[in-house]
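# Architecture and fold: a report
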Amino acid sequence: MNSTKNFLKKYWLFILLSLIASFLIVFYFINKINGIKIKSDLLSIPQPTFDFYNIKTSIDFSSLEKNLQNLKKEEIVYEVKDPSLSDQEAILIAQKFNLTDQPKVYNDQRTNNIFYEWSTEEKYLSINLSTREITYQLNQLKLKTNKNNSIPDLLDTEETAKKFLSNNQFYPPEGVSLITKDKYYLQIGEVEFERLNSPEKANAVEVDFIYQIENKELLEAKISLIMDLDKNIIKLDYQPSFKEIKKISNYPLKTSQEILKKLKSINFINYFNIPNYYTTTSEIENITGINLDKINLTYIKSQAFQSYLQPIFFITGTANLNDGRTAEVGIYLPAVKDEYLLQ
């Protein structure tokens, strides 16, 4: 008996450490069997926030469940630097469009965004210094004199657009790819440009670009360029990606069970669009039913300042409206496991 007491007294610390080690080993293997990968060295990152629209109807996810198989278990999180501009950088951009007068300055108190604007009889330019978003437009009526021009080839127009973006430092940084999404001929309508199925009546060409990161689309950021038949830039809508992007690490992603659990508590949508119609968010009130059946792992550029770019699940489907039309709807769900997100 005394020998046992002496042994415990002498080796109690060793025994305690052995028990703790055994517990951790058992805990590790239990989690490994359950498919949980422990990553204690990862930094906690802010939970992303998105604009949302409350809905009054329930969401049907029954068709989604079969598409939740074989989801990725982890994905890259990046540290990013938002593409803000100084006043001098904005003025240099204006000079590239041959606008040399002093701009009008507007401060949006609601969003804390600062805008520089130039406006003449021939052209208009607006630059958001906070987000680097640019809107440029030439007087469209001048296009109606271009009747004798030959119709440019769409592929050649695409190359001209890329050259313009590259020469004017509108290309994204290393790590972000610029991808051509669409290109088509346009005709001037009564109010705006109209797409054409054939080039015979065209007096403009549009080229649209999106961004990709690791072959995943960066949502809420794109570039649209419209050129006349001489391939002069007459309209630019520029939504940049980031000034810098740097890989941090791979983060574990939510499982299919965690995704469904989150979705069943949601009573809003983040994305709403009625194809071939001018869409206003007030029409969300007319939704009578929603079915979400697709899921895509992607990235999204927040309208608010962000230091990190993290993967999201973009869950999409259709909504029925009370007038018989169908809308495209979607939900942005943070893909990183909740334990790595700051609440």
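The following refers to the structure shown. Not measured: the values here are computed from a predicted model.

## Examining the nonpolar core
Membership of the largest hydrophobic core comes to 38 residues, with the highest contact counts inside it found for Leu125, Ile127, Leu236 and Leu309. For leucine 125, the residues in contact, after removing those within four places along its chain, are Ala94, Phe97, Leu99, Tyr116, Glu117, Trp118, Ile134, Thr135 and Tyr136. Formed by 35 residues, the second largest nonpolar core is a distinct cluster that contains Ile59, Leu292, Ile315 and Ala327.

## Examining unusual backbone geometry
Look at asparagine 70: it is not a glycine, yet its phi comes out positive at around 60°. Structurally, asparagine 70 can be placed in the loop between strand E3 (59-60) and strand E4 (74-81). On the basis of relative accessible area, asparagine 70 is assigned to the exposed category, the value being 81%.

## As for the pattern of salt bridges
This structure, assessed with the given rule, holds 15 salt bridges. For glutamate 75, the salt bridge is made with lysine 216, and the minimal N-O distance between the two is 2.9 Å. Residue glutamate 75 is located in strand E4, and its partner lysine 216 is located in strand E12 (residues 216-227); the two are separated by 141 residues in the primary sequence. Residue glutamate 75 shares its accessibility class with lysine 216, and that shared class is buried. Ionic pairing is found between lysine 262 and aspartate 338, a salt bridge with its closest N-O pair at 2.9 Å. Residue lysine 262 is located in helix H4 (residues 256-263), and its partner aspartate 338 is located in the loop between strand E20 (326-334) and strand E21 (341-342); the two are separated by 76 residues in the primary sequence. Judged by its relative accessible area of 32%, lysine 262 is partly exposed.

## Some thoughts on the environment of phenylalanine 164
Structurally, phenylalanine 164 is set in helix H3 (residues 154-167). Separated by 61 residues in the primary sequence, phenylalanine 164 and leucine 225 place their C-alpha atoms 9.7 Å from one another. Those residues in contact with phenylalanine 164 that lie beyond four places of it in its chain are Phe97, Phe170, Leu225, Ile233 and Leu236.

## Section: the environment of threonine 57
Looking at the secondary structure, you find threonine 57 in the loop between strand E2 (53-54) and E3. With relative accessibility at 19%, the residue threonine 57 sits in the buried group. For the pair formed by threonine 57 and phenylalanine 268, sequence separation is 211 residues and the distance between their alpha carbons is 9.2 Å. When sequence neighbours within four positions are dropped, the list of residues in contact with threonine 57 reads Ile287, Thr288, Gly289 and Ile290. At 3.4 Å, the side chain of threonine 57 forms a polar contact with the backbone oxygen of threonine 288.

## Description of the packing of aromatic side chains
Tallying each qualifying case throughout the model produces eleven aromatic pairs. Taken together, a centroid distance of 5.4 Å and an interplanar angle of 55° make the contact between phenylalanine 52 and phenylalanine 268 tilted. Taken together, the residues phenylalanine 52 in the loop between strand E1 (45-46) and E2 and phenylalanine 268 in strand E15 (residues 268-269) connect sequence positions 216 residues apart. You can call phenylalanine 52 partly exposed: its relative accessible area is 48%. Given the relative accessible area of 22%, phenylalanine 268 is considered partly exposed. Between the NZ or CZ atom of arginine 195 and the centre of the ring of tyrosine 184, over which it lies, the distance is 3.7 Å.

## A few points about helix H2 (residues 87-96)
Along H2, the positions that sit buried rather than exposed are Ala90, Ile93 and Ala94. Seen along its axis, H2 keeps its buried residues to an arc of 100°; they face one direction. Packing partners of the buried residues in H2 comprise strand E6 (113-119), strand E7 (123-128) and strand E8 (134-138). Immediately beyond the C-terminal end of H2, within one or two residues, lies asparagine 98, with a positive phi of roughly 60°.

Definitions and limits used
Residues numbered from 1 in each chain as written. Predicted model: local features only at pLDDT ≥ 70, side-chain atom pairs only at ≥ 80, totals over all residues. Heavy atoms only, no water. Core = buried A, V, L, I, M, F, W, Y, C linked by side-chain atoms within 4.5 Å. Buried < 20%, exposed > 50% of the residue type's maximum accessible area, 1.4 Å probe, protein only. Contact = heavy atoms within 4.5 Å. Helix = DSSP H or I, 4+ residues; strand = E, 2+ residues; numbered from the N terminus. Salt bridge = Lys/Arg side-chain N within 4 Å of Asp/Glu carboxyl O. Polar contact = N/O pair within 3.5 Å; in protein donor to acceptor, adjacent residues only side chain to side chain. Phe/Tyr/Trp six-rings, centres within 6.5 Å; stacked < 30°, edge-to-face > 60°. Lys NZ or Arg CZ within 6 Å of the ring centre and 35° of its normal. Arc of directions from axis to C-beta.

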